[in-house]
Amino acid sequence: MSRKIDDATMDNVEILAKLALSDEERERAREEMEKILSYVEKINELDTDRTEPLVHILESGNVFREDEVTNGSGKEESLANAPRKKDGQYMVPKTV
Amino acid sequence: MAKQYETVIGLEVHVELSTKTKIFCGCAATFGEEPNTHTCPVCTGMPGALPVLNKKVVEYAMKLGIAANCQINRYSRFDRKNYFYPDNPQNYQISQLYLPICHDGWLDIETASGNKKIRIHEMHMEEDAGKLIHDEWEDCSLVDYNRSGVPLIEIVSEPDMRTAEEVIAYLEKLKMICQYLGVSDCKLQEGSMRADVNLSVREVGSETMGTRTEMKNLNSFKAITHAIEGERARQIELLEEGRQVIQETRRWDDNKESSYSMRSKEDAKDYRYFPDPDLMPVVISEGWIEDIKKQQPEFAPEKAKRFQQEYGLPQYDASILTQSRRMADIFEETAGLCGQPKKVSNWMMGETMRILKEKGMDPEELSFTPSHLADLILALERKEINQQGAKQVFEQIMENDVEPISYMKEKGLMMVSDDGAISRAVEEVMAENPETVEDYRGGKEKVLGFLVGQVMKKMKGKADPGKVNALLREKL
Ligand SMILES: [Zn+2]
């Protein structure tokens, strides 16, 4: 069986997902993704030429809030989940 | 003969909206607060937190779209743009790709080479990211999510601009419209207006587009101009050497005045956009559009025309005053209070502009009370103060919004209107200068100027020279 997902695509997906997979993990991921693709291909067999595209799964719209401040300081609560913090900020690996 | 090149520029402009709260949560959208105080589960991307759209953001987007002659999509939707970076806690930015709120508009710009129409491809609503700063001590980055979820409108132009001058004119126009609408203060330096420049070059006459690069981090009109000139030269040099321009994102370094490659530009497909199932579609009725249209303010061109007709201002004054809504409003209120529109215009275009320029301020930052300038103009009219003194008072009005009459009294800047005091000074000067008095009486009329000067000196400049002149002639 020819592979649906070639090595170059796997490389690209790893970069986008910021993952470094071992050879074994990579093959398992490839197999799982190929199953997903087969499933989508099945859907593609349907003739949708005369079907209006579905823009949203729910029919209604316009769920709004008014522009009023309802939240107070969330600092303590937000930072409670931070693995590392400093001076009231989240500490993360160097980015720039 | 050397090849002639044409620069092709399109802009992606982000304006930060001046709403009270963020786009999808009730956190305040104000700046300069302690890091992470304006955060909640929604804007820090906690699993399970549900975003709810701020209605004002939709209205601001409609206002801006209508002002820029756009079509409004009756049905629009939010999509997720996926990327991993710590400024983005959800790992996706909520934006609009497939059904943006506005599309196909245009703005007229004016440059030295005439008028031009710049087409707008689309405008969409999205959320801002957090702020990252580098920590030297720990060699790590620190994240503040106060800005995460602050509403933005991105305005995407067509590649219709050819010069830096056109780009600046387009940005100025956009800024002016936003300020008139009150949707954003559009300060490049402070990041409430950000412009990414997409630029390519091609041989003059060519119909095909060259490969474009995108430049980011342009924080002033000067940086934009230099970046455009530098990038044009860089691309032409590559082509002349037979090499290729690579499609990439480049970051402008204001200190080095040059750009460097950040990363090769992602394709839209790399962002794996898909509809955000947490947010309901936005459905806009004809009635809603009509309501917004009715609320649109009078923009600069109509206002300038009205200022000429209603206040008899020269065209030049009217066009300068209406460049900023704040300036136009202050002019109009002050003119209404003192009934001297041309004098108000002179103060606005002269001293006001001079002081703004000196302080590097935007006319939108003007904050003095119009009645203070009106009172000063009336005091000048009544000759209670001279021009010199009035300028001094006006500086204080600009600086501290002082009440002019009490300030004049307090600082002893009031002119002496008491004839008795002027008479006494005249008599003293005549007694001190008997020879000059004799010269005058002997027919040397030009010594009068000297005597007037002496009286003014005695009055410390606080007398009307016309009155001094008349009194002197009388007594001589
Ligand atoms: Zn929040």
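Reading guide: rules and limits
Residues numbered from 1 in each chain as written. Chains lettered and ligands numbered in written order. Predicted model: local features only at pLDDT ≥ 70, side-chain atom pairs only at ≥ 80, totals over all residues. Heavy atoms only, no water. Domains from an automatic or database assignment. Core = buried A, V, L, I, M, F, W, Y, C linked by side-chain atoms within 4.5 Å. Buried < 20%, exposed > 50% of the residue type's maximum accessible area, 1.4 Å probe, protein only. Helix = DSSP H or I, 4+ residues; strand = E, 2+ residues; numbered from the N terminus. Contact = heavy atoms within 4.5 Å. Donors = N, O, S within 2.8 Å, 3.2 Å for Na, K, Ca; no water. Buried area = accessible area lost by both parts, 1.4 Å probe. Salt bridge = Lys/Arg side-chain N within 4 Å of Asp/Glu carboxyl O. Polar contact = N/O pair within 3.5 Å; in protein donor to acceptor, adjacent residues only side chain to side chain. Expected span 1.5 Å × (residues − 1). Arc of directions from axis to C-beta. Axes fitted to C-alpha atoms, helices over the stretch in contact; angles between N-to-C directions. Parallel < 35°, antiparallel > 145°, perpendicular 65-115°, else oblique. Left-handed = near helix turned anticlockwise from the far one by under 90°. Nonpolar A, V, L, I, M, F, W, Y, C, P; charged D, E, K, R; others polar.

K.L.:
Go over the domain arrangement of chain B, please, and point to the residues and values.
P.N.:
In terms of domains, chain B is made up of domain 1 (5-288), domain 2 (298-410) and domain 3 (419-475). Distance between the C-alpha centres of domain 2 of chain B and domain 3 of chain B: 36 Å.

K.L.:
Requested: an account of the nonpolar core, with residues and values cited.
P.N.:
In summary, soluble globular proteins display a tendency toward joint burial of nonpolar side chains. All names here are of chain B. With 111 residues, the main nonpolar core has V15, Y170, I224 and M348 as its most contacted residues. In terms of residue count, helix α2 (residues 164-181) provides more of this core than any other element does, 12 residues in total. Lining this core are residues from two domains, each supplying at least three of them: domain 1 (5-288) and domain 2 (298-410). If sequence neighbours within four positions are ignored, V15 has contacts with L64, P151, L152, I153, I155, C178, S184, C186, S192 and M193. Among the nonpolar cores identified, the runner-up in size contains 19 residues, and V429, V447, V455 and V468 belong to it.

K.L.:
Explain the coordination of the zinc ion residue by residue, including any values.
P.N.:
Residues and elements named next belong to chain B. Listed as protein donors to the zinc ion are C25 (SG), C27 (SG), C40 (SG) and C43 (SG); their distances from the metal cover 2.3 to 2.4 Å. Counting residues between consecutive donors of the zinc ion along the chain gives the motif C-x1-C-x12-C-x2-C. On the criterion of sequence distance, the pair formed by C25 in the loop between β1 (5-16) and β2 (53-54) and C40 in the loop between β1 and β2 is long-range, its members being 15 residues apart.

K.L.:
Tell me about the interface of chain B and chain A, and name the residues and values.
P.N.:
At the junction of the two partners, chain B supplies 53 residues and chain A supplies 37 residues. Both sides of the chain B and chain A interface together cover about 3,800 Å² of buried area, and 57% of this is carbon and sulfur. Summed over the shared surface of chain B and chain A, the number is 5 salt bridges. With its nearest N and O atoms 4.0 Å apart, the salt bridge here joins E138(B) to K86(A). In this assembly, chain B and chain A are joined by 22 residue pairs in polar contact (both at pLDDT 80 or more). Sorting the residues of the side of chain B that touches chain A by element identifies β2, α1 (55-67), β9 (131-135), β10 (140-144) and β17 (282-283) of chain B as the ones contributing at least two each.

K.L.:
Tell me what's going on with helix α2 (residues 23-44) of chain A, and back it up with residues and numbers.
P.N.:
Residue and element names in this part refer to chain A. Between its first and last C-alpha, α2 extends 31 Å over 22 residues, near the 32 Å set by a 1.5 Å rise per residue. Where α2 is concerned, the buried positions are R26, A29, R30 and E34. When α2 is viewed along its axis, its buried side chains cluster within an angular range of 140 degrees and face the same direction. The exposed residues of α2 that point more than 90 degrees off its buried face are E24, R28, K35, I36, Y39 and K42. Check the buried side of α2 and you find it contacts α1 (7-17).

K.L.:
Break down the environment of D128(B) for me, citing the residues and quoting the values.
P.N.:
All names here are of chain B. Here D128 shows up in the loop between β8 (114-127) and β9. Here the alpha-carbon distance between D128 and N88, two residues 40 residues apart in the chain, equals 8.7 Å. Once residues within four sequence positions are removed from consideration, D128 is found in contact with E16, R147, S148, G149, V150, L152 and R194.

K.L.:
Describe the packing of helix α14 (residues 448-458) of chain B against helix α15 (residues 465-475) of chain B, listing the residues and the values that go with them.
P.N.:
Residue and element names in this part refer to chain B. Viewed as axis vectors pointing N to C, α14 and α15 meet at an angle of 120 degrees, and their least axial separation amounts to 10 Å. Between α14 and α15, the angle falls in the class oblique. Considering only the axes of α14 and α15, their crossing is right-handed. Residue-level inspection shows L448, L451, V452, V455 and M456 of α14 in contact with α15, the latter providing P465, V468, N469, L472 and R473. In terms of residue class, the contact of α14 with α15 is made up of 8 nonpolar, 1 polar and 1 charged.

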